[in-house]
Amino acid sequence: MTEPPSPVTDADFARFCEFLYRRTGMLFTPAKRYFVDRRLAERMQATASRSFAVYLARLRSDTGGEVENLINAFTINETYFYREDHQLRCLTASLLPELVGGKPPGSSVRIWSMPCSTGEEPYSVAMWLLENWPEVDRYDIEIVGSDIDTRALAAAEGGLYGERALMRLSPDLVARYFVREETRLGPSWRILADLRASVRFTPCNLTDEAAMAAHGRFDVVFCRNVLIYFDDASRRLAADNIYDALVPGGYVCLGHTESMSRISPLFRVCRYNDAIVYRRPREGEHV
């Protein structure tokens, strides 16, 4: 039987949290000690690291791609279809009509779900557009889902979901866009291949300027319920990267507990009937 690794000291905990913060922007305080210790112990045991010093050396050399495995262990992927659907209503009622107002038919419209977790959000956007935006076929719509968690991205590409993920969808929507499959865990539902093909998934870190810039610019960015895990410096860095990822006049949608006004002065606050969102100013427009 493999012996468990030696306990992590307070100093080790601080060093580890600093390492994770520098790689991801996620900040864990001593109040989250149990959460961190449990996942750290799992990764140390999985890599047969008898001590924290051995495991930290493994991380710094990234032996066996352990940094990716570690990040996957610490990301939180709690989501479901049509979550915060008031923003989806705002998307088709207000944001897209404004964005395409000056564009000829056939023009590109780019929407980014970042982070996308296991894909419920970008697939929700795709379904919502098909169901609720009459102009959907007049434009070249590109939907991209990105996340730091590579396991979540693999699940998103597979498009297979349990009953809880579909709890906000009507039976008619499920019948139109999913096929039921029996798995060892019980009944699941897989998104139709055509809809899966309409979303592209990529790995990306919200605080990585180069990785964000490589994706080009978007008309709308959904960045919901992740900035709450960052400290002020990381939030500002993420906001700067989102600003650069938007076309002038483009919008970012945050989670309902988040406010860009408390993070960055770069964006205009836009209040619509369905949602409050944030816009990158147009050329020559002041905040």
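Residues numbered from 1 in each chain as written. Predicted model: local features only at pLDDT ≥ 70, side-chain atom pairs only at ≥ 80, totals over all residues. Heavy atoms only, no water.

Q: Please explain the environment of Gln-87 as it appears in this structure.
A: When you line up the elements, Gln-87 lands in helix 5 (residues 85-100). As for Gln-87 and Tyr-123, which are separated by 36 residues in sequence, their C-alpha atoms are 14 Å apart. In this structure Gln-87 touches Phe-222, Arg-224, Cys-253, Leu-254 and Ala-275, once residues within four positions along its chain are discounted. Side-chain polar atoms of Gln-87 contact the side chain of Arg-224, separated by 2.8 Å. (Helix = DSSP H or I, 4+ residues; strand = E, 2+ residues; numbered from the N terminus. Contact = heavy atoms within 4.5 Å. Polar contact = N/O pair within 3.5 Å; in protein donor to acceptor, adjacent residues only side chain to side chain.)

Q: Looking at this structure, how should I read unusual backbone geometry?
A: Trans is the common state for peptide bonds, and a negative phi is the common state for residues other than glycine. The peptide bond linking Met-114 to Pro-115 adopts the cis configuration, its omega dihedral lying at 5°. Positive phi outside glycine occurs at Asn-225, with the angle close to 60°. Tracing the chain through its elements places Asn-225 in the loop between strand 7 (218-223) and helix 11 (232-245).

Q: For this particular structure, what's the right way to read helix 6 (residues 120-132)?
A: Each turn of an α-helix holds 3.6 residues, which means side chains three or four residues apart point in the same direction. The end-to-end C-alpha distance of helix 6 is 17 Å, a good match for the 18 Å that 13 residues give at a rise of 1.5 Å each. Among the residues of helix 6, those classed as buried are Glu-120, Glu-121, Pro-122, Tyr-123, Ser-124, Val-125, Ala-126, Met-127, Trp-128 and Leu-129. (Expected span 1.5 Å × (residues − 1). Buried < 20%, exposed > 50% of the residue type's maximum accessible area, 1.4 Å probe, protein only.)

Q: Is there a simple way to explain the sheet that holds strand 4 (residues 178-183) in this structure?
A: Two modes of strand pairing occur in sheets, parallel and antiparallel, and in both the strands are linked by backbone hydrogen bonds. Pairing is antiparallel across the open sheet formed by three strands, whose spatial order is 3-5-4. Sheet topology places strand 3 (160-161) and strand 4 at the edges, where each strand pairs with a single neighbour. Where strand 3 and strand 5 (residues 186-191) come together, two bridges link them in antiparallel fashion. Bridged to Leu-160 within strand 5 is Arg-190. (Pairing = 2+ DSSP bridges.)

Q: Before we go on, may I ask you to explain the packing of helix 1 (residues 10-24) against helix 4 (residues 66-74) in this structure?
A: For any two helices packed against each other, the geometry is given by the interaxial angle and the distance between the axes. Between helix 1 and helix 4, whose axes approach to 12 Å, the crossing angle comes to 95°. The angle between the axes of helix 1 and helix 4 places the two elements in the roughly perpendicular class. Contacts from Phe-16, Phe-19, Leu-20, Arg-23 and Thr-24 in helix 1 reach Val-67, Leu-70, Ile-71 and Phe-74 in helix 4. (Axes fitted to C-alpha atoms, helices over the stretch in contact; angles between N-to-C directions. Parallel < 35°, antiparallel > 145°, perpendicular 65-115°, else oblique.)

Q: What should I look at first to understand the environment of Val-179 in this one?
A: Relative to the helices and strands, Val-179 is located in strand 4. For the pair Val-179 and Leu-160, spaced 19 residues apart in the sequence, the C-alpha separation amounts to 9.2 Å. In this structure Val-179 touches Ser-188, Trp-189, Arg-190 and Leu-192, once residues within four positions along its chain are discounted.

Q: I would appreciate a short explanation of the environment of Glu-258 in the present structure.
A: Checked against the element boundaries, Glu-258 lands in the loop between strand 8 (246-254) and strand 9 (268-271). Overall, Glu-258 belongs to the buried group, its relative accessible area being 8%. In sequence terms Glu-258 and Ile-228 are 30 residues apart; their C-alpha atoms lie 7.1 Å from each other. In contact with Glu-258, not counting residues within four places along its chain, are Cys-223, Arg-224, Asn-225, Val-226, Leu-227, Ile-228 and Tyr-278. A distance of 3.2 Å separates a polar side-chain atom of Glu-258 from the backbone nitrogen of Val-226. Polar contacts involving the side chain of Glu-258 include one to the main-chain amide nitrogen of Gly-255, which spans 2.7 Å.

Honestly, that's just the spatial picture; any functional story needs more than this.
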